[in-house]
Structures are given as C-alpha cells and as structure tokens.
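# A closer look at the structure
So the chains spell out like this:
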Amino acid sequence: MSSGNIPEKHPSGAKASVDSAAIAARLKPCPDTRQGQSASCQAVRIRRMTPADLDRVMEIAESLKEAPQWPRNAYRAALDPEAKLRRIALVVEEVATGAVAGFAVANLMPPEAELEIVAVDSEAQRRGAAGRLFAALATELSTAGVVGVILEVRAHNQPALGLYRKLGFAETGRRMRYYDDPVEDAVLMRLWL
Ligand SMILES: CC(C)(COP(=O)(O)OP(=O)(O)OC[C@H]1O[C@@H](n2cnc3c(N)ncnc32)[C@H](O)[C@@H]1OP(=O)(O)O)[C@@H](O)C(=O)NCCC(=O)NCCS
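We now turn to the structure provided with this report. (Residues numbered from 1 in each chain as written. Predicted model: local features only at pLDDT ≥ 70, side-chain atom pairs only at ≥ 80, totals over all residues.)

A count of helices and strands for the chain gives 5 helices and 7 strands. Listed by position from the N terminus, the elements making up the chain come as α-β-α-α-β-β-β-α-β-α-β-β. Each of the 193 residues in the chain was classed as buried or not, and the buried ones make up 32%. Excluding contacts between residues fewer than 6 apart, the proportion of contacts in the chain whose partners are at least 24 apart in sequence is 64%. (Helix = DSSP H or I, 4+ residues; strand = E, 2+ residues; numbered from the N terminus. Buried ≥ 20, exposed ≤ 12 C-beta atoms within 10 Å, placed from the backbone. Contact = placed C-beta atoms within 7 Å.)

Ranked by size, the top nonpolar core spans 47 residues in total, and within it Leu-90, Phe-103, Ala-104, Leu-133 and Leu-137 carry the most contacts. It is helix H4 (residues 129–143) that contributes the most residues to this core, 9 residues altogether. Once residues lying within four places of it in the same chain are set aside, the contact partners of Leu-137 are Ile-88, Leu-90, Ala-104 and Ala-106. (Core = buried A, V, L, I, M, F, W, Y, C linked by C-beta atoms within 7 Å.)

Here the focus is the site of the ligand. In the vicinity of the ligand there are 24 residues, among which Glu-66, Gln-125, Ala-130, Pro-159 and Gly-162 approach most closely. If you list the elements that add at least two residues to the shell around the ligand, you get strand S4 (112–120), H4 and helix H5 (158–167). Residue composition of the shell around the ligand, by class: 13 nonpolar, 6 polar and 5 charged. (Near = placed C-beta within 6 Å. Nonpolar A, V, L, I, M, F, W, Y, C, P; charged D, E, K, R; others polar.)

Among the 7 residues of strand S5 (residues 148–154), 6 are classified as buried, and the element is accordingly described as predominantly covered. Sheet topology note: the S4/S5 ladder contains 3 bridges and is parallel. Paired with Glu-114 across the bridge in S5 is Ile-150. Between the parallel elements S4 and S5, the chain passes through H4 in a crossover that is right-handed. Pairing between S5 and strand S7 (residues 184–192): 7 bridges, direction antiparallel. Each residue of the ladder has a partner; that of Glu-152, found in S7, is Leu-188. (Pairing = 2+ DSSP bridges. Right-handed = clockwise from strand over helix to strand, strands pointing away.)

Once that is clear, we can look at the sheet that holds S4. Pairing is mixed across the open sheet formed by 7 strands, whose spatial order is S1-S2-S3-S4-S5-S7-S6. The sheet is open, and its two edges are formed by strand S1 (44–48) and strand S6 (170–179), each paired on a single side. Neighbouring strand axes in the sheet, compared pairwise and without regard to direction, differ in orientation by 25° on average. Seen against the sheet, H4 touches S1, strand S2 (86–94), strand S3 (100–109), S4 and S5 and runs at an angle of roughly 30° to S3. Here H5 sits on the sheet in contact with S5 and S7, set at roughly 160° to S5. (Axes fitted to C-alpha atoms, helices over the stretch in contact; angles between N-to-C directions.)

A few words on the environment of Leu-90. For Leu-90, the position within the fold is in strand S2. On the neighbour-count criterion, Leu-90 (20 C-beta atoms within 10 Å) is buried. Separated by 13 residues in sequence, Leu-90 and Phe-103 have C-alpha atoms that sit 5.5 Å apart. Non-local contacts of Leu-90, meaning those with residues more than four positions away in its chain, are made with Ile-46, Arg-47, Arg-48, Met-49, Phe-103, Ala-104, Leu-133, Ala-136 and Leu-137.

Right, let's talk about the environment of Pro-51 for a bit. On the secondary structure map, Pro-51 appears in the loop between S1 and helix H2 (54–63). The spatial distance from the C-alpha of Pro-51 to the C-alpha of Asp-80 is 9.8 Å, given a sequence separation of 29 residues. Apart from the residues lying within four places of it in its own chain, the contact partners of Pro-51 are Arg-76 and Leu-79.

Here the amide bond leading from Pro-110 into Pro-111 is cis, since omega sits at 15°, within 30 degrees of zero. Along the polypeptide, Pro-111 turns up in the loop between S3 and S4. Looking along the chain, the bond that leaves Asp-181 and enters Pro-182 is cis, with omega of 0°. If you trace the backbone, Pro-182 turns up in the loop between S6 and S7. One non-glycine residue with positive phi stands out, namely Arg-177, at about 50°. Structurally, the position occupied by Arg-177 is in strand S6. Unlike most non-glycine residues, Asp-181 shows phi in positive territory, near 50°. Tracing the sequence through the fold places Asp-181 in the loop between S6 and S7.

Now the structure itself:
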C-alpha cells in the first residue's frame, strides 16, 4: 500500500513537530465569528470515526465516483485498535445538526503515514472541510511520531490534486497505468510534517 521510494527521515534529520498552523494558513481563512460565519466556514468539528458512523461514511464514499470503495469490513478494521496496521479515521460533522459531511483515513507506519482516503459529500464540498480534516489528522499523526505523509492519487483527479497541493504535498513520482476502470496513472505525493 505504501508508495515506496520514500526516505525514512525528515530531510532536516530532526524529528518534526507538525505545523498545523502552517497547514491551516494554507486553507481558506474563517472570518471573525462575531460577524457570523460564511458558507465556507460553517461550524464544523472533527472527531474520531466510530462504528455508528459507518452507514453514513459508506453512503458518502458510494456517492463519489473518485472515492475508493472500501467494504464495511475494511472500515471496521480501520477502527480496531488491535489491528496489525494502525489507522486514524476522522469524520467532520456539522455542529448544528451532527450530520457527518466527510471523513479521512490514514495508516501509520512511523516515521511515515499514508493518507488512504479523504472524501467530502458533494453538497459540502469547497467549504474547507477536507482541509480541516487533514489539519486535524496531521496533528494526530505528528503526535504518533509521523514526520512524512505519502499518498497516491489518480492523475486526473483535479479536486484531490488541488487539495493536496494546497496542503503542501509535492509530487514525488508516478506509477504508469496504475489504476483500472478507467486505466490511469497514479501520482505519488509526499508532505513533510
Ligand atoms: C477532494 C475532496 C476531498 C476535497 O474536499 P473539499 O472539502 O471540497 O476541499 P476543501 O474545501 O477543503 O478545499 C481545499 C482546497 O482544495 C482545492 N480544491 C478542492 N476542490 C477542488 C476542485 N473541485 N477543483 C480544484 N481544486 C479544488 C482548492 O485549492 C481548495 O481551496 P479553495 O477552495 O480555497 O480554492 C472532495 O472533492 C472529494 O471528496 N472528492 C471525491 C473523493 C476523492 O477524490 N478523494 C480523494 C482521493 S481518496
């Protein structure tokens, strides 16, 4: 699952602590809440995914053709603290309604982690939800000793590429014709936390 060819250490040689402020600064700023919240900054909170979220999480994934389609058992394994491969799974929910609008899953192999999925319901897209999910994830990953996050993405997935570039990910390589249905290259990316 790893994209391989990734150095095991942060280029500085030192263990980095995540600069979630820097990640947040690359995202859409929220206006002063005393003036009310804009559509792009509706009150959302990030929390750990639980088994009770799985229907909604799968509904979101199934509604998005670019999202990886995991079976329920894969999500269950992602929530299992005893699983061999450790994962962090987060959801973003609207504070007012508790409605889950998106989610992200990363696996941990410190000093590295792989961002496996990030998905936001089409109705909630372009309001900063994915960026906020990743900022929270990066903080948790850093606490767990991760210094670099890798991922692979379809070469034509412009929303995802735009998101990753905005978060500071840089392209590290390509895997030709890596994906099926449709056949497409994978772009490999990495972010040092
Ligand atoms: C990729 C995805 C998660 C982005 O979610 P989102 O909540 O809309 O993203 P954000 O609002 O946090 O966007 C942050 C930045 O990403 C980039 N971005 C997001 N959507 C974009 C789009 N449709 N086109 C170009 N850039 C886009 C922009 O730079 C955006 O900043 P801006 O709005 O200030 O310009 C969402 O489009 C999605 O769920 N896609 C389907 C699933 C998927 O492909 N996941 C990735 C592979 S697992």
